Amino acid sequence: MSKQILCLPGDGIGPEIVAEALKVLDVVKSRFGLAIEISEGLVGGASLDVHGVPLTDETLAEAKKSDAILFGSVGGPKWDDQPMMNRPERGLLKLRSEMGLFANLRPAMLFPQLAEASSLKHERVAGLDILIVRELTGGIYFGEPRGVRTLESGEREGYNTYVYRESEIKRIAKVAFEAAQKRGGRLTSVDKSNVLEVTALWREIVSDMGSDYSDVELSHMYVDNAAMQLVREPKQFDVMVTGNMFGDILSDCAAMLTGSIGMLPSASLNEVNQGMYEPVHGSAPDIAGQGKANPLAQILSLAMLLRYSLGEIAAADAIEKAVSDVLDQGLRTGDIASEGCTQVSTSEMGDAVVACLKS
Ligand code: NAD
């Protein structure tokens, strides 16, 4: 039976870079004999312009029926004066919450050819390939009670609740163990179990689950040490798993080790492995429509889609290799341009990836 992919290009550079990813999908479909049907919908500002809302019920229903969503980006100055509930970004948030996308996978990959873009020394980061698995729908960002109250003394006090249920920890740990099995076989669970009971429970549960994954080498690290190790010796990590707040901070830190926002894909998965795949960057309105956008983060998001939601590992590997090959050829879009390289447009970069996949 064919797999269904819903494509939501969105706004700004979204449609330009999604078009390049679709060219790539076309080639891998025939090269690997994949049965995939693609449909397209509107989201964000593009949907607001036509339907008056950033995500229609019909598009949401379509998304829920799909095996995976290839998402571009949303937002832009045209819609900045919309009321909060009708901002383009609401379309994205609604998809995440309605589909229960609790697992956020953020790779920090640095192709050796781009090592100069990092703020760390070449030898520390060349070939960096970390996957951070962040719990996305629980923890202190969602815990109740929360708020600001006035004490009897008249002083105000802000408070939040850091809470994780056993089932929430198990489901995110399962995603991380399985991701480690598909990658380098090592998993580091990050917590603050020396201070916070909730993360002591996290550590206990992840440790117990470790015996079901004997092919994965499990270790634990306190979050302060993890932050330090990420900038000291980032290549020691394969997969890292952590809660919502620690993951928010560590994934941005890891992303910046790579120095090139136009290269970073991401995935958000739910319990049945349905996923939404999108570049980490936004809609880049400053360069939209000029053929300057780097399509590689979107193309690498497609590789993640094939790997994690469709289980097409060989096709995903082939796309990642093709991206590395075009970098070897010295082709660069403006955001990653460097001396001695050939600057290319969005579609020329997409065409080069396609050519590598065909050769
Ligand atoms: P941005 O990521 O869109 O752009 C930041 C800078 O990086 C810009 O200079 C841009 O030109 C550059 N850039 C980003 N992607 C690039 C690419 N693929 N190739 C080359 N250069 C690239 O962030 P921003 O400017 O803060 O936000 C712009 C809009 O995007 C806002 O409306 C924001 O709300 C929205 N946004 C959407 C998402 C999403 O859809 N997931 C994420 C972040 C921001």
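Residues numbered from 1 in each chain as written. Predicted model: local features only at pLDDT ≥ 70, side-chain atom pairs only at ≥ 80, totals over all residues. Heavy atoms only, no water.

**Regarding the overall build of the chain**
Per the secondary structure count, the chain includes 12 helices and 14 strands. The C-alpha radius of gyration of the chain comes to 21 Å, within 12% of the 21 Å expected for a compact globule of 359 residues. For the chain, the spread of C-alpha atoms along the principal axes amounts to about 65 × 50 × 45 Å. Scored against the burial criterion, the 359 residues of the chain give a buried share of 52%. Summed over its atoms, the accessible surface of the chain is roughly 15,600 Å², and 50% of this surface lies on carbon and sulfur atoms. The averaged location of the 50 negative side-chain charges in the chain is 1 Å from the averaged location of its 34 positive side-chain charges. (Helix = DSSP H or I, 4+ residues; strand = E, 2+ residues; numbered from the N terminus. Rg over C-alpha atoms; globule rule 2.2 N^0.38 Å. Buried < 20%, exposed > 50% of the residue type's maximum accessible area, 1.4 Å probe, protein only. Areas by Shrake-Rupley, 256 points an atom, 1.4 Å probe, with all protein chains shown as cover. Lys, Arg positive; Asp, Glu negative; His and termini not counted. Charge placed at Lys NZ, Arg CZ, Asp CG, Glu CD.)

**So, the environment of Gly 275**
For Gly 275, the location among the structural elements is in strand β12 (residues 275–279). Taking the C-alpha atoms as reference points, Gly 275 and Leu 264, 11 residues apart in sequence, are found 17 Å from one another. For Gly 275, the residues in contact, after removing those within four places along its chain, are Asp 67, Ala 68, Ile 69, Leu 101, Ser 268, Leu 269 and Ser 309. (Contact = heavy atoms within 4.5 Å.)

**Overview of the domain arrangement of the chain**
What the domain assignment lists for the chain is domain 1 (1–107 + 261–359) and domain 2 (129–257). Domain 1 and domain 2 are separated by 26 Å when their C-alpha centres are compared. Taken together, the contacts link 16 residues of domain 1 with 17 residues of domain 2. Both sides together, the interface formed by domain 1 and domain 2 hides about 1,500 Å², and carbon and sulfur atoms give 61% of it. Together, Phe 102, Asn 104 and Arg 106 form the three largest contributors to the area buried by domain 1 at its contact with domain 2, with a combined 45%. The tally of links from domain 1 across to domain 2 stands at two salt bridges. The closest approach of N and O atoms between Arg 106 and Asp 252, which form a salt bridge, is 3.1 Å. Applying the counting criterion to the domain 1 and domain 2 interface returns five residue pairs in polar contact (both at pLDDT 80 or more). Looking at which element gives the most residues to the side of domain 1 that touches domain 2, the answer is strand β4 (residues 103–109), with five residues. (Domains from an automatic or database assignment. Buried area = accessible area lost by both parts, 1.4 Å probe. Salt bridge = Lys/Arg side-chain N within 4 Å of Asp/Glu carboxyl O. Polar contact = N/O pair within 3.5 Å; in protein donor to acceptor, adjacent residues only side chain to side chain.)

**Re the state of the cysteines**
A complete count under the given rule lists zero disulfides for this structure. The thiol sulfur of Cys 341 is not disulfide-bonded, and the nearest other cysteine sulfur, from Cys 356, lies at 15 Å. (Disulfide = S-S within 2.5 Å.)

**Concerning the site of the ligand**
In the vicinity of the ligand lie 19 residues, with Val 74, Glu 89, Gly 282, Ala 284 and Asn 294 positioned nearest. Between the ligand and Glu 278, the relevant distance is 3.2 Å, taken from a nitrogen atom to a side-chain nitrogen or oxygen of the residue. One nitrogen or oxygen atom from the side chain of Asp 286 is found 2.9 Å from an oxygen atom belonging to the ligand. In the complex, the protein chains occlude 67% of the 800 Å² of accessible area that the ligand would expose alone. Across the shell around the ligand, the residue classes tally to seven nonpolar, eight polar and four charged. (Near = heavy atom within 4 Å. Nonpolar A, V, L, I, M, F, W, Y, C, P; charged D, E, K, R; others polar.)

**Notes on the packing of aromatic side chains**
Any two aromatic rings considered together are summarised by their centre-to-centre distance and by the angle between their planes. Counted by the stated rule, this structure contains four aromatic pairs. Seen from their ring centres, Phe 177 and Tyr 213 are 4.4 Å apart, and the 0° between their planes marks the pair as stacked. In this pair, Phe 177 is assigned in helix α6 (residues 166–182) and Tyr 213 in the loop between α7 (197–210) and β9 (217–222), connecting sequence segments 36 residues apart. The class for Tyr 213 is buried, based on a relative accessible area of 11%. Through a chain of ring-to-ring contacts, three or more aromatic side chains come together here, namely Tyr 162, Tyr 164, Trp 202 and Phe 246. A cation sits over an aromatic face here: Arg 171 above Phe 102, 4.1 Å from the ring centre. (Phe/Tyr/Trp six-rings, centres within 6.5 Å; stacked < 30°, edge-to-face > 60°. Lys NZ or Arg CZ within 6 Å of the ring centre and 35° of its normal.)

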